[in-house]
Amino acid sequence: MRLHFPLLLCVAAALSCAVITSPLNLWTKLILTQQWPNTFCSMEHCHPNQSYWTVHGLWPNKGNDCNSSWHFNSSEIEDLLPDMKKCWPDLLHPSSSQFWKYEWSKHGTCAAEAASLNSQHKYFSKALELYHKVDLNSMLIKLNIIPSDKYYTFSEIEEGIERFYGAKPKIQCVHPSKNSEPQILGQIEICFDADFTLQDCEKMFSTDSFSRGQWDHPLGVNKPSGLSVCSHDIPVYYPPVIPVYPHV
């Protein structure tokens, strides 16, 4: 059978388009990031009402701000709002939805390139589902790692989490300004593949900063967040929640 040259061009063009539109650059990993409110608020000067780990975000390992025209709409997640307010609160502005809007715009629109997360409801509900599934708060208590004035070694935290989940976490701390001081536990990332199966996190990968005073520039424009992967050699302080008493 002979193929005419114009037909060959059409076939080549079609194949080219198929390659361009295929999800070759689709994310391969999701990072469920949880933050310890007391550490966050010690940096941002807020007063947490939470004595448990809260969601910072659900981040794909590829892409930021993937669809600027896809705006956050809280009405699409209205049934999730009670759980969102409890488990994914804005620690700086508790009555605002700006934190969720930011996370959707920067990370959710990229996660939504996968069919499994291709709506705001799917994205936020999956984040909540994974949060409850890993149940970091209960897991740490079972390991007898609790907020207190005692110091932990980094290895007992990391190895305990890895044994429990069967996957290596990424743990971030606020590093001390003096050699004699401990590092402060601040953020824990648990990673999943595209099928939402637990997998090891990459220590050097980071898609966002810890605190959010200015969202992208958390402690002010051009200022660092002060949080990075914990050191193996420095004791870890897991700060207890300081109660806030009402003014009389």
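Residues numbered from 1 in each chain as written. Predicted model: local features only at pLDDT ≥ 70, side-chain atom pairs only at ≥ 80, totals over all residues. Heavy atoms only, no water.

A. How the structure looks around the environment of Val174. Counting through the fold element by element, Val174 comes out in strand E4 (residues 170-174). Residue classification places Val174 among the buried positions, given a relative accessible area of 16%. Along the sequence, Val174 and Val229 sit 55 residues apart, while their C-alpha atoms lie 8.7 Å from each other. Excluding residues that lie within four positions of it along the chain, Val174 makes contacts with Thr39, Met43, Gln183, Ile184, Gly226 and Leu227. (Helix = DSSP H or I, 4+ residues; strand = E, 2+ residues; numbered from the N terminus. Buried < 20%, exposed > 50% of the residue type's maximum accessible area, 1.4 Å probe, protein only. Contact = heavy atoms within 4.5 Å.)

B. Layout of the state of the cysteines. Counted by the stated rule, this structure contains four disulfides. In this model Cys41 forms its disulfide with Cys46; the gap between the sulfur atoms is 2.0 Å. Classification of the bridge connecting Cys41 and Cys46 rests on its S-S torsion, roughly -95°, and on that basis the disulfide is left-handed. In this pair, the class of Cys41 matches that of Cys46, namely buried. Sequence-ordered numbering of the bonded cysteines in the protein chain yields a pairing of 1-2, 3-4, 5-8, 6-7. (Disulfide = S-S within 2.5 Å.)

C. Inspection of the confidence of the model for the protein chain at higher detail. When the pLDDT values of the protein chain are averaged, the result is 84; 78% of them are 70 or greater. Here residues 5-22 is a poorly scored stretch, pLDDT under 50, and it has two contacts once near neighbours within four places are set aside; other chains count. A low-confidence stretch, residues 205-224 (pLDDT under 50), is modelled with 66 contacts involving residues beyond four sequence positions or located in other chains. (pLDDT = per-residue confidence, 0-100.)

D. Region of interest: unusual backbone geometry. If you check the backbone angles, His45 has positive phi at about 60° while not being a glycine. Considering the arrangement of structural elements, one finds His45 in the loop between helix H2 (37-44) and strand E2 (54-60). Owing to a relative accessible area of 71%, His45 belongs among the exposed residues under this scheme. Residues other than glycine seldom take positive phi values, yet Phe196 does so here, at roughly 65°. Looking at the element boundaries, Phe196 is found in the loop between strand E5 (183-193) and strand E6 (198-199). The buried category is assigned to Phe196, whose relative accessible area is 13%.

E. Spotlight on the side chain of Thr54. Inspection of the secondary structure assignment puts Thr54 in strand E2. The contact partners of Thr54, leaving out residues within four places of it in the chain, are Thr33, Gln34, Gln35, Pro37, Lys86, Cys87, Pro89, Leu91 and Tyr131.

F. Spotlight on the packing of helix H4 (residues 98-111) against helix H5 (residues 120-134). At a minimum axis distance of 10 Å, the contact between H4 and H5 shows a crossing angle of 100°. Overall, the two elements H4 and H5 adopt an arrangement that is roughly perpendicular. Across the interface between the two elements, Trp100, Glu103, Trp104, His107, Gly108 and Ala111 of H4 pack against Gln120, Tyr123 and Phe124 of H5. Along the lines of polarity and charge, the residues of the contact of H4 with H5 split into five nonpolar, three polar and one charged. (Axes fitted to C-alpha atoms, helices over the stretch in contact; angles between N-to-C directions. Parallel < 35°, antiparallel > 145°, perpendicular 65-115°, else oblique. Nonpolar A, V, L, I, M, F, W, Y, C, P; charged D, E, K, R; others polar.)

G. Spatial organisation of the nonpolar core. Among the nonpolar cores identified, the biggest contains 47 residues, and Trp88, Phe124 and Ile161 are the most heavily contacted of them. Per-element accounting of this core gives the leading share, seven residues, to H5. Other than its neighbours up to four places away in sequence, Ile161 contacts Met139, Leu140, Leu143, Gly166, Ala167, Pro169, Ile171, Ile188 and Ile190. (Core = buried A, V, L, I, M, F, W, Y, C linked by side-chain atoms within 4.5 Å.)

H. Fine view of the pattern of salt bridges. For the structure on display, the rule yields three salt bridges. With a shortest N-O distance of 3.0 Å, Glu162 and Lys168 are connected by a salt bridge. Residue Lys168 is classed as partly exposed on the basis of its relative accessible area of 26%. (Salt bridge = Lys/Arg side-chain N within 4 Å of Asp/Glu carboxyl O.)

I. Representation of the packing of aromatic side chains. By the definition in use, this model includes twelve aromatic pairs. Aromatic side chains Phe72 and Phe124 sit 5.8 Å apart centroid to centroid with 70° between the ring planes, which places their arrangement in the edge-to-face category. One end of the pair, Phe72, is in the loop between E2 and helix H3 (81-87); the other, Phe124, is in helix H5, and 52 residues separate them in sequence. The exposure class assigned to Phe124 is buried, which follows from its relative accessible area of 0%. (Phe/Tyr/Trp six-rings, centres within 6.5 Å; stacked < 30°, edge-to-face > 60°.)

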